[in-house]
Amino acid sequence: MDYSQFLMMPQEMGLLAVFLLVFLYDTFMPERSQRGLPLFTAIIFGIYTVLSLFVCCTAGTAFGGMFETNGATWAIKAILAAGTFIVLLQAAKWTNSEFVSVRRGEFYELLLLTLFGMYLMVSARHFLLFVIGLETASLPIAALAAFEKRYYESHEAAAKYIFTAVFSSAIFLMGISFVYGLSGSLYFNDIAMAVAGEPSALLIVAIAFVIAGVGFKLSLVPFHLWTADVYQGAPTAVTAYLSVVSKGAAAFSFLIVLVQVFGAAYSDVWEWMLYALIVLTITIGNLFAMRQRNLKRFLAFSSISQAGYIMLGVIAVNAVGMASLMYYVLVYVFSNLAAFGVIAAIERVSGKTTIDDYNGLFKTNPWLAFTMMLAMFSLGGIPPFAGFFSKFFIFVGACQQGSVAIYVLVFIALLNTIISLYYYLLVVKAMFISQDDCVVPAFKSVCTERVALVLCTLGIVFLGIVSCFYTRLSDISVTSFPGL
């Protein structure tokens, strides 16, 4: 075996190095130093994240073409690392709490392990490696969801997630077995050549199974029924990670699988499948979000709706769509984590998680209310914040396809954007306009929480103003996938 192939995996190798350092600290440091593990992990992972953002790796393949790295995979991994870094900052105080501290090392090790699996999914060009990455990313999240063992809701969240993961993996593998029967290979390129002809009934069924399997990971409608219960029951830090990092990795991997493997069958097979899924996902996510009073369930249905918008980047099947998808995920990382950061800080102090509990929040905690307002504005797509531009670019990328059907689809998405403004502004109304006395006392969040919220606020503001971010992602997409 040529071990120099591992040089094609600098981000994965760096992540494994971080994992080993965290494991050694957790295993061998004395008890009096264990409380420093969250800060230690955040610092070394922060260094790793900075290197991921600014040190681009060489494009190429490894392990017989099973693993590929290029500018696009490097960019999405850097975005996932940035999101994970913010989650680590937000979780630092929680992992040192009385009931979690005994298992704080396991939390960080499981979290880093899931991120490694997502990296494999992003770079996989062979379905065997893709499934290994998928399971590595999925199964530890069930343990993370059950981390608050004293709460029944946490157990329920873990059980629902693990059952969903098992069934979705079974459906996905069934689809892959059909694909293997058609092509005789699990390599993406070989399958693409084998399905380039007239689509057969078996191919249609196979693609439907593949879309359904990945649809569970993205919580697309009708595969979304686990989402709200898991988001509500899991610890807030885990929910934040699941809603942002896991969803971003699944969305990019979904795009690669559909475009590179089944791109030749796009107009004949999976175009209309995705049209239906996108309309259902955006609409049903919005309608159910309007009914929620618990903020974690509220953001669960919001994330379902956001997944539908992300899928517009997939349906575009062009370089603009890929760049828009990566930019949307980048903006979504900062916007959603800002909201979850505020929720986590308030929940830690007061245990309050409903919209009604936020009535008059501006009077007692103006900075938290301001950050939550920016997050809601960005998620709703209100200019000049980053969420407006992410939706604008995703709509432009989809419209470049030029068909009447895609114009109708984008129009429906625009109407749903207006609907989403209603429920996002309900949170803002509660914080700034409601005259009720706030049940959340005035408090000062810990340093790591403040740093995470400042980073999210800067991301929401500057990603919408500084155009070089999208331009850079657009150049990377064109260079990495010149055929699109």
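A quick note: this is a predicted structure, and the numbers were derived from the prediction, not measured.

Q: What is the right way to read the overall build of the protein from this model?
A: A count of helical and extended segments in the protein gives 19 helices and two strands. Its C-alpha atoms give the protein principal-axis dimensions of about 65 × 55 × 45 Å. Considering the protein as a whole, with its 484 residues, one finds that 60% of them fall into the buried category. Intrachain contacts of the protein at a sequence separation of at least 6 include 80% that bridge at least 24 residues. Within the structure as shown, the protein displays about 18,100 Å² of accessible surface, and the carbon and sulfur contribution to it stands at 70%. Of the charged side chains in the protein, 24 are positive and 24 negative; the average position of the first set lies 9 Å away from that of the second.

Q: Explain the pattern of salt bridges here, please?
A: Pairing between side chains becomes possible if they bear opposite charge and their charged atoms approach one another. Taken as a whole and assessed by the stated rule, the structure comprises seven salt bridges. Between Lys 77 and Glu 12 there is a salt bridge, with the nearest N and O atoms lying 2.5 Å from each other. Remark: Glu 12 occurs in helix H1 (residues 10–28) and Lys 77 occurs in helix H3 (residues 71–95); sequence separation between them is 65 residues. Residue classification places Glu 12 among the buried positions, given a relative accessible area of 1%. Ionic pairing is found between Glu 449 and Arg 348, a salt bridge with its closest N-O pair at 3.0 Å. Of this pair, Glu 449 sits in helix H18 (residues 447–465) while Arg 348 sits in helix H13 (residues 319–350), placing them 101 residues apart in sequence. The buried category is assigned to Glu 449, whose relative accessible area is 4%. Linked through salt bridges whose partners overlap, the residues forming this network are Glu 156, Lys 160, Asp 229 and Arg 297.

Q: How should I be thinking about the nonpolar core in this particular structure?
A: The tendency in soluble globular proteins is for nonpolar side chains to be buried side by side. Counting 179 residues, the largest nonpolar core has Phe 45, Phe 107, Phe 262 and Met 376 as the members making the most contacts within it. Broken down by element, this core gets its largest block of residues, 21 residues, from H13. Apart from the residues within four sequence positions on either side, Met 376 is in contact with Phe 298, Leu 299, Ala 339, Tyr 424, Val 427 and Val 428.

Q: Explanation requested: the packing of helix H5 (residues 127–145) against helix H6 (residues 152–183) in the structure shown.
A: When two helices pack together, their arrangement is given by the angle between their axes and by how far apart the axes lie. Relative to each other, H5 and H6 sit at 170 degrees, their axes nearing to 8 Å. Relative to H6, H5 is oriented roughly antiparallel. In this structure, H5 contributes Phe 127, Phe 130, Val 131, Leu 134, Glu 135, Ser 138, Leu 139, Ile 141, Ala 142 and Ala 145 to the contact, and H6 contributes Ser 154, Ala 157, Ala 158, Tyr 161, Ile 162, Ser 169, Phe 172, Leu 173 and Ile 176. Grouping the amino acids of the contact of H5 with H6 by side-chain chemistry returns 15 nonpolar, three polar and one charged.

Q: What is the right way to read the environment of Gly 313 from this model?
A: With respect to the helices and strands, Gly 313 occurs in helix H12 (residues 295–316). Sequence-wise, Gly 313 and Lys 247 are 66 residues apart; in three dimensions their C-alpha atoms are separated by 14 Å.

Q: When you look at the packing of aromatic side chains in this model, what are you seeing that I'm missing?
A: Any aromatic ring pair is given by two values, namely how distant the centres are and how the planes are angled relative to each other. A complete count under the given rule lists 25 aromatic pairs for this structure. Note on Phe 298 and Tyr 423: the rings are 5.5 Å apart at their centroids and 85 degrees apart in plane angle, and the pair reads as edge-to-face. One end of the pair, Phe 298, is in helix H12; the other, Tyr 423, is in helix H17 (residues 404–432), with 125 residues separating them in the sequence. Clustering of aromatic rings is evident, with ring pairs tying together Trp 94, Phe 107, Tyr 108 and Phe 147.

Q: Looking at this structure, I do not really get a nonpolar patch on the surface. What am I missing?
A: There is a patch of nonpolar side chains on the surface, built from Leu 39, Ile 43, Ile 47, Val 50, Leu 51, Leu 53, Phe 54 and Val 55 and spanning about 790 Å² of accessible area. Here Phe 54 shows up in helix H2 (residues 37–54). With relative accessibility at 67%, the residue Phe 54 sits in the exposed group.

Q: Mind showing me how you'd approach the environment of Gln 34 here?
A: Note that Gln 34 resides in the loop between H1 and H2. Each C-alpha atom, one on Gln 34 and one on Val 102, is 9.5 Å from the other, the two residues being 68 residues apart in sequence. Apart from residues lying up to four places away in sequence, Gln 34 is in contact with Tyr 25, Asp 26, Met 29 and Arg 104. Reaching out from Gln 34, the side chain makes a polar contact with the backbone oxygen of Asp 26 at a distance of 3.5 Å.

Q: Would you mind showing me how to read unusual backbone geometry here?
A: For the bond from Val 221 to Pro 222, the omega torsion is 10 degrees, close enough to zero to count as cis. Of note, the bond from Pro 383 into Pro 384 is cis; its omega dihedral lies within 30 degrees of zero at 5 degrees. The residue Pro 384 is located in the loop between helix H15 (366–380) and helix H16 (386–399) in this model. Of note in the backbone geometry, Ser 219 takes a positive phi value of approximately 55 degrees without being a glycine. Secondary-structure assignment places Ser 219 in the loop between helix H8 (201–218) and helix H9 (227–233). For Ser 219, a relative accessible area of 1% gives the class buried.

Q: Just checking my understanding: could you explain helix H10 (residues 236–262) for this structure?
A: An α-helical turn contains 3.6 residues, so any two residues separated by three or four positions project in the same direction. Spanning 27 residues, H10 covers 37 Å between terminal C-alpha atoms, matching the ideal 39 Å at 1.5 Å per step. Maximum bend of H10: about 30 degrees, positioned at Leu 242. Here H10 lies mainly inside the structure; 26 of its 27 residues are buried.

Conventions and cut-offs
- Along each chain, numbering runs from 1 in the same order as the chain's sequence is written.
- Where local features are concerned, this predicted model is filtered to residues with pLDDT of at least 70; where side-chain atom pairs are given and counted, the filter is 80 or more; whole-chain, interface and lining totals use all residues.
- For side-chain calculations, the full set of non-hydrogen atoms in the structure is used, while hydrogens and water are omitted.
- The helix count covers DSSP runs of H or I at least four residues long, the strand count covers runs of E at least two residues long, and both are numbered beginning at the N terminus.
- The cut-offs for exposure are 20% and 50% of the maximum accessible area for each residue type, with area from a 1.4 Å probe on protein chains only; residues under the lower value are buried, those over the upper are exposed, and the others partly exposed.
- Whether two residues are in contact is decided by their heavy atoms: any pair within 4.5 Å suffices.
- In short, Shrake-Rupley with a 1.4 Å probe defines the accessible areas, and a residue's cover is counted only from the protein chains shown.
- Charge assignment in this entry is limited to Lys and Arg as positive and Asp and Glu as negative, and neither His nor the chain termini are counted.
- Working definition for charges: the position is that of NZ of Lys, CZ of Arg, CG of Asp or CD of Glu.
- Each salt bridge in this description consists of a side-chain nitrogen of Lys or Arg and a carboxyl oxygen of Asp or Glu lying within 4 Å of one another.
- Residue types Ala, Val, Leu, Ile, Met, Phe, Trp, Tyr and Cys, when buried and joined through side-chain atoms within 4.5 Å, form a set referred to as a nonpolar core.
- Where helices are involved, their axes are fitted lines through C-alpha atoms of the stretch in contact, as for all axes, and angles between N-to-C directions lie from 0 to 180°.
- Angular relationships are summarised with four words: roughly parallel below 35 degrees, roughly antiparallel beyond 145, roughly perpendicular across 65 to 115, and oblique for the angles in between.
- Classification used: nonpolar for Ala, Val, Leu, Ile, Met, Phe, Trp, Tyr, Cys and Pro, charged for Asp, Glu, Lys and Arg, polar for all others including Gly.
- The aromatic pairing rule takes the rings of Phe, Tyr and Trp, using the six-membered ring of Trp, and pairs them if the centres are within 6.5 Å, calling planes under 30 degrees apart stacked, those over 60 edge-to-face and the rest tilted.
- Patch construction takes residues with relative accessible area above 30% that form no salt bridge. Like charges are linked within 9 Å, and nonpolar side chains (Val, Leu, Ile, Met, Phe, Trp, Tyr) are linked within 5 Å.
- Polar contact is the term for a pair of N or O atoms within 3.5 Å; when the atoms are in protein, one must be able to donate a hydrogen and the other to accept it, and sequence-neighboring residues count only if both atoms are side-chain atoms.
- The span one expects for a helix is its residue count, reduced by one, times 1.5 Å.
- Note on bend: at a given residue it equals the angle between the axes fitted to the 7 residues ending there and to the 7 starting there.

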